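# Understanding the architecture of this molecule
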Amino acid sequence: MRRWPIVLIVCALVAACSDRPPEPADLLLVNARVYTLSWPQPDAEGRPATGAPHDGRTWHPDADAIAIRAGRIVFVGSRADAERYRGASTAVRDLGGATVLPGLIDSHVHLAELGASLERVNLVGAATEEEVVSRVAARAREVPAGEWIVGWGWDEGAWANRYPDMRLLNQRVPDHPVVLRGLHSFAVWGNRLAFERARISAITPNPAGGEIRKDARGQPTGILLNNAGALLMQAVPAPTPAQLDARLAAAFEALLAAGYVAVHEAGADTELMAALERAESQDRLPVRVYAMLAARDVDLIDRWRQRAPDTEGRLVVRSVKTFYDGAMGSRGALFLEDYSDRPGHRGLGGAEYGFDRQRLAFLMRRGYQITIHAIGDRANREALDFFGETIEQTPGAAATRPRIEHAQVISAPDLSRFARLGVIASMQPSHAVEDLPWAEARIGPGRLQGAYAWRTLRRAGARLALNSDLPGTDFNFFYGLHSAVTRQNRDREPSGGWRPDERLTIEEAIRGWTTWAAHTAFEDREAGVIADGRSADLTVLDVDPFTTADRDPSRLLTGRIAMTIAGGRIHAAR
Ligand SMILES: [Zn+2]
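Cut-offs and rules
- Residues numbered from 1 in each chain as written.
- Predicted model: local features only at pLDDT ≥ 70, side-chain atom pairs only at ≥ 80, totals over all residues.
- Helix = DSSP H or I, 4+ residues; strand = E, 2+ residues; numbered from the N terminus.
- Buried ≥ 20, exposed ≤ 12 C-beta atoms within 10 Å, placed from the backbone.
- Contact = placed C-beta atoms within 7 Å.
- Domains from an automatic or database assignment.
- Pairing = 2+ DSSP bridges.
- Expected span 1.5 Å × (residues − 1).
- pLDDT = per-residue confidence, 0-100.
- Core = buried A, V, L, I, M, F, W, Y, C linked by C-beta atoms within 7 Å.

### So, the environment of Asp-414
Residue position: Asp-414 is located in the loop between strand S18 (403-406) and helix H13 (417-421). Among the residues examined, Asp-414 registers 19 C-beta atoms within 10 Å and is labelled partly exposed. Separated by 111 residues in sequence, Asp-414 and Arg-525 place their C-alpha atoms 31 Å apart. Discounting residues that sit within four places of it in the chain, Asp-414 has contacts with Asn-380, Arg-381 and Leu-384.

Spelled out as structure tokens, the structure:
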């Protein structure tokens, strides 16, 4: 970055500079449909700016070649001009007409959970008890005896009338404690060793809201329902540092294969921070990580509040993640009025939910970005109140780019406060299409006006960042784009889209995972667009999302990641 002004000055002084061939590139990408996103931003209605490569009907790429040297983009433009960067040792990749976007950034992820989810024995689609046990037994052969085996995805809904028990599991997997969560998370199935480790026996009473299934002799059968599942899940030990390192490595590999060059970790605790720091120091961070410290880890926060944010390197620590309320599906989100389907209940939030105003205000004044999970309209209002008061006391705090995660239901008077306070609404397009089956029942049609209100927030001047909140939802980029531009699920329902006025355009959706996500992490000059001097972070796609969205947005779902280039390194997708 610092070299460019010098180069410009030298060029100005030496008139012949532009005629001399430039230093050869390490890598030349040619025959590509490059969308640099370096043109001006769309307006609040999503209309392309003057200067955008849009002819009034559809989009056109604004470059077809890119040159990369030492992890940086040194040229983007036409193939003919790119040839000047070809040297004897330059690798040339013909992309065969594939589309290139700025490297994708998922601005809300949970890395350790992603790693854990990749490690579990996958039981999705197992039709019989025999099949489940066989998959677990196969894993047991690779795992030292005594270590836990965690599986997920057997269909407790489909099997509800004929739940399995622990007998076959005990027989075939006697030496490992086994815990198998159901697909819908309301049943957990375990073997004898797991029940022994968790000290669940004939005399263990049912917890509130849960059932330990027992046989005629009063012995646990192996199945735990609803809240009883936690009795077994809690017995699974936390990962060792080596296990956590392995999970992170698996998570990074999955992210690169899915096109991501950078992520924002939404709540790193002491153990995860240690693993991320190990990874950075040992050059095992193929994906850049912008870490939000988990506010609930008080010791971790106490260590960081002594020092300034760490803004250097591939691991950046300048954000703190906290919760104002819970989730709407479980009626834990905090609302101004009663839930429509539970009169007298408005959810829970604020101090009751662990929100510590003083500590957070201190951190914000210290230069940390405060990131508040807020779902209900009251939680969002009070989160905005907190930002407003802190900024009023310390005007410089506005520069920390405060953010609200989810910003799911906003009351009309609060919409304009995002722009006024400079609060970024960090939202998950997939949540809108996944929540729509029950969202209206929870809050009724009136409050839906301010729910998942992407366009309304944009009109009110708010900045958005778009992301997946993985691994809770599918983090496939094309699924995210499809959700954002259609507000329909994979089956193209509901027809016409759910409250379609709130849809985003394809440019806005792509910016949500690139330019806007980069801004949210203070990377405005480093990432988010393809331009000279920026980090060589690029995502190559086998379909052009711009023109596909114009022609037939449902076709977005067929797109695949062809290649991910992170810091100039090529990671071929599978
Ligand atoms: Zn999250």
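### Side note on the domain arrangement of the protein
Note on interface size: it is often stated as the accessible area lost on association of the parts. Along its sequence, the protein is carved into domain 1 (113-233) and domain 2 (324-462). Relative to domain 2, the C-alpha centre of domain 1 lies at a distance of 37 Å.

### Looking at the pairing of strand S22 (residues 561-566)
Counted residue by residue, S22 has 5 buried out of 6 residues, so it is predominantly covered. Between the end of S22 and the start of strand S23 (residues 569-572), which pair antiparallel, lie 2 residues, with Gly-567 showing a positive phi angle near 55°.

### Notes on the pairing of strand S13 (residues 220-226)
Bridge analysis of strand S11 (residues 187-190) against S13 gives 3 bridges, and the strand direction is antiparallel. Counterpart to Trp-189 in the pairing with S13 is Ile-223. Of the pairings in the sheet, the one linking strand S12 (residues 210-214) to S13 comprises 4 bridges and is antiparallel in character. Along S13, the bridge assignment pairs Lys-214 with Pro-220.

### As for the sheet that holds strand S21 (residues 538-541)
The 5 strands lie next to each other as S2-S6-S21-S22-S23, forming an open sheet whose pairing is mixed. Bordering the open sheet on either side are strand S2 (33-34) and S23, each of which pairs with just one other strand. Examined bridge by bridge, S21 and S22 share 4 bridges and lie antiparallel to one another. Across the sheet, residue Leu-541 finds its bridge partner in S22, namely Ile-561.

### Re helix H12 (residues 377-393)
The end-to-end C-alpha separation of H12 is 24 Å, in line with the 24 Å expected for 17 residues at 1.5 Å each. Within H12, the full set of buried residues consists of Asp-377, Arg-378, Ala-379, Asn-380, Glu-382, Ala-383, Leu-384, Phe-386, Phe-387, Thr-390 and Ile-391. Of the surrounding secondary structure, the elements contacted by the buried residues of H12 are helix H11 (357-365), strand S17 (369-374), S18, H13 and helix H14 (429-448).

### A few points about helix H8 (residues 241-257)
In this model H8 runs 24 Å from its N-terminal to its C-terminal C-alpha over 17 residues, within 8% of the 24 Å that 1.5 Å per residue would give. Each element contacted by the buried residues of H8 is listed here: helix H3 (111-119), strand S14 (260-268), helix H9 (270-281), S22 and S23. After H8 finishes, the residue Gly-259 shows a positive phi value of roughly 95°.

### What to know about unusual backbone geometry
Residues apart from glycine generally show negative phi values, whereas peptide bonds are mostly found in trans. The step from Leu-470 to Pro-471 runs through a cis peptide bond, and the omega angle for that step is 5°. With respect to the helices and strands, the residue Pro-471 is situated in the loop between strand S20 (464-466) and helix H16 (477-486). Residue Glu-493 is joined to Pro-494 through a cis peptide bond whose omega torsion reads -10°. Take Pro-494: it is sitting in the loop between H16 and helix H17 (506-512). One non-glycine residue, Asn-31, adopts positive backbone phi at about 60°. As for its position among the elements, Asn-31 is in the loop between strand S1 (27-30) and S2. You can call Asn-31 partly exposed: it has 14 C-beta atoms within 10 Å.

### Some details on the confidence of the model for the protein
Keep in mind that low pLDDT regions are not for reading the predicted coordinates in detail. Summary statistics for the protein give a mean pLDDT of 94 and a share of 97% for residues scoring 70 or more. Here residues 7-16 scores under 50 on pLDDT; set against residues more than four positions off or in separate chains, the count is 3 contacts.

### Things to note about the environment of Ala-549
In this fold, Ala-549 is placed in helix H19 (residues 545-551). Owing to 25 C-beta atoms within 10 Å, Ala-549 belongs among the buried residues under this scheme. Aside from chain neighbours lying at most four places away, what touches Ala-549 is Val-485, Ile-506 and Leu-556.

### Here we look at the nonpolar core
The biggest cluster of nonpolar side chains holds 138 residues, and the ones touching the most others in it are Ile-66, Ile-105, Tyr-260, Val-287 and Ala-291. If sequence neighbours within four positions are ignored, Ala-291 has contacts with Glu-265, Ala-268, Met-273, Leu-276, Leu-315, Val-316 and Val-317. Judged by nonpolar contacts, the second largest core, of 29 residues, contains Trp-154, Val-178, Ala-187 and Leu-193.

### What to know about the environment of Ile-561
Mapped onto the elements, Ile-561 comes out in strand S22. By the C-beta count within 10 Å, which is 22 here, Ile-561 ends up buried. Sequence-wise, Ile-561 and Tyr-260 are 301 residues apart; in three dimensions their C-alpha atoms are separated by 9.6 Å.

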